[in-house]
Every structure is written in structure tokens, then in C-alpha cells.
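The primary structure of each chain is shown beneath.
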Amino acid sequence: MEKKWMMAGIALACVVAGAAIILVSLMNTATPAVPTSAQPTSTAAVSVTGSPQDPGSVCNLSASGPRILVPTNTSVPIRDPMPGNRYSFDRDDSGKTIVLGTGDVVEINLGFAPSLAMRWVVPVSGCGIELVNDGVWYTGGDFWNNTGFYRARYRAVSPGTSVINGKLVLKPDEAGDLRFNLTMIVK
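A few points on the structure. Keep in mind that what you see is a predicted model, and the values were worked out from it rather than measured.

By the definition in use, this model includes five salt bridges. Between Lys96 and Asp93 there is a salt bridge, and its shortest N-O distance comes to 3.0 Å. With a relative accessible area of 39%, Lys96 lands in the partly exposed category. Residue Glu107 pairs with Arg153 through a salt bridge whose shortest N-O separation is 2.9 Å. With Glu107 in strand β5 (residues 105-112) and Arg153 in strand β9 (residues 148-156), this pair connects stretches of sequence that are 46 residues apart. Members of the salt-bridge network, linked through shared partners, are Glu107, Arg151 and Arg153.

Here it is in C-alpha cells:
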């Protein structure tokens, strides 16, 4: 009788792990929802030279809200190193301010556990940068460990200041306990 209960427990654990893998797979293929708070606050936007993503009304950090940028170049797979990458940051670098020249590329790498349904949401305020590409990749390690990574690459395109305020959340509108903050000043 004890062996039956043990086998039933193992079978249940396999079913739960399989369901979690399917859930993570579905989350990675679903189109991410952009929270209302992350959308531009102004509809009368004037483009800044050098980037189609930087409307003039969002260059003022104190007047603009955060927004989710759209990738401009997905030719380099997110798992592969990007040629010419100059700056690379992870969660330990949160809170830093960096000064960039036009054309410089910044890469952020933020870890998470794929077994959890939590993901990084990384809105940007200000102007001067464009999102080259972003996405998640896995190292293939243990399902329960931090083997997942969110990677985003930004390029400095015009003078301005941008602030990245990332958070690890279950739903995009949550506050999030784990955060990542980086200020980029493009000269």
C-alpha cells in the first residue's frame, strides 16, 4: 500500500511539473500585454531626429510617463552575443547612471526562475535610446533554479536622458519586489 502512495505522489509531481512547463511555454509565446501606465501619455508627439520611438513630448522625464519600446532589429538572436556590445549590466548594477555616446550599445541581463510565472517588465522614460531587441533565453539547467534570463539591448541614438525601471512581476501592473533601475545619459 505504501508503494502505491509513493507512486501516486511521483505521478502527481510529474503532472504538476509538466503543467508548469506548458504554462511557461505558453507565456513565452503569448503576446505580452502592455499596461496602460506604460503607454505614452501624449498623443501630440513630435519625432526626435534619429529614432522613430522618441516623440519629443516624452523627452521631459518629469512630465512623461514610462512606455514600452518596440524592438528595431531582431536579426541577432537574444541568446547570442551582439557584435560591438560596449556595456553590459545585470541586477547588481541597479541604480547606476552611465554616460553614452551616440551609437553606443547597452545590454541588460536580468535572471529569473523559469518555473515561476513571473517575468521582467522593463518600461523606459525619457528619450535618446532605442530598443534594439529583447527577449528571454534559458541556460537549460535545473527547472527550479534561476536558469532563465531576460536580455534587452538599447542603442544611444540622440542626445537625451532615459531611465529604465524594470520589475519582476506576475502581472504587468503589479509593483514587483525585484527591481532594476538604470539611467542613461546620451551626449
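This next bit is on the nonpolar core. A general feature of soluble globular proteins is that nonpolar side chains tend to end up buried together. Core analysis: the largest hydrophobic core is formed by 23 residues, its most contacted members being Ile108, Trp120, Tyr154, Ile164, Phe180, Leu182 and Met184. Looking at this core, the elements that each hand over two or more residues are β4 (96-100), β5, β8 (129-138), β9, β10 (160-169) and β11 (178-186). Among residues more than four places away in sequence, those in contact with Phe180 are Phe89, Asp90, Arg91, Asp93, Ser94, Ile108, Leu110, Trp120, Ile164, Asn165 and Gly166.

Let's shift gears to the packing of aromatic side chains. The geometry of an aromatic ring pair comes down to the distance between the two centres and the angle between the two planes. Throughout the structure, instances matching the rule amount to two aromatic pairs. A ring pair is formed by Trp137 and Phe149, whose centres lie 4.9 Å apart and whose planes are at 25°; its orientation type is stacked. Of this pair, Trp137 sits in strand β8 while Phe149 sits in strand β9; the two residues are 12 residues apart in sequence, bridging distant segments of the chain. For Trp137, a relative accessible area of 15% puts it in the buried group. Taking the relative accessible area as the measure of exposure, Phe149 reaches 23% and is therefore partly exposed.

So, on to the sheet that holds β5. Backbone hydrogen bonds hold the strands of a sheet together, and the pairing may be parallel or antiparallel. Taken together, four strands build an open sheet; the order of strands is β3-β5-β9-β8 and the sheet is mixed. Both edges of this open sheet fall to β3 (87-90) and β8, since each of them pairs with a single strand only. Sheet twist, expressed as the mean angle between neighbouring strand axes with direction ignored, is 20°. Taken together, the eight bridges between β5 and β9 define a ladder with antiparallel strand orientation. Among the inter-strand pairings, Glu107 is bridged to a residue of β9, identified as Arg153.

The rules behind each value
Residues numbered from 1 in each chain as written. Predicted model: local features only at pLDDT ≥ 70, side-chain atom pairs only at ≥ 80, totals over all residues. Heavy atoms only, no water. Salt bridge = Lys/Arg side-chain N within 4 Å of Asp/Glu carboxyl O. Buried < 20%, exposed > 50% of the residue type's maximum accessible area, 1.4 Å probe, protein only. Helix = DSSP H or I, 4+ residues; strand = E, 2+ residues; numbered from the N terminus. Core = buried A, V, L, I, M, F, W, Y, C linked by side-chain atoms within 4.5 Å. Contact = heavy atoms within 4.5 Å. Phe/Tyr/Trp six-rings, centres within 6.5 Å; stacked < 30°, edge-to-face > 60°. Pairing = 2+ DSSP bridges. Axes fitted to C-alpha atoms, helices over the stretch in contact; angles between N-to-C directions.

Geometric descriptors of this kind do not, in isolation, establish any biological role.
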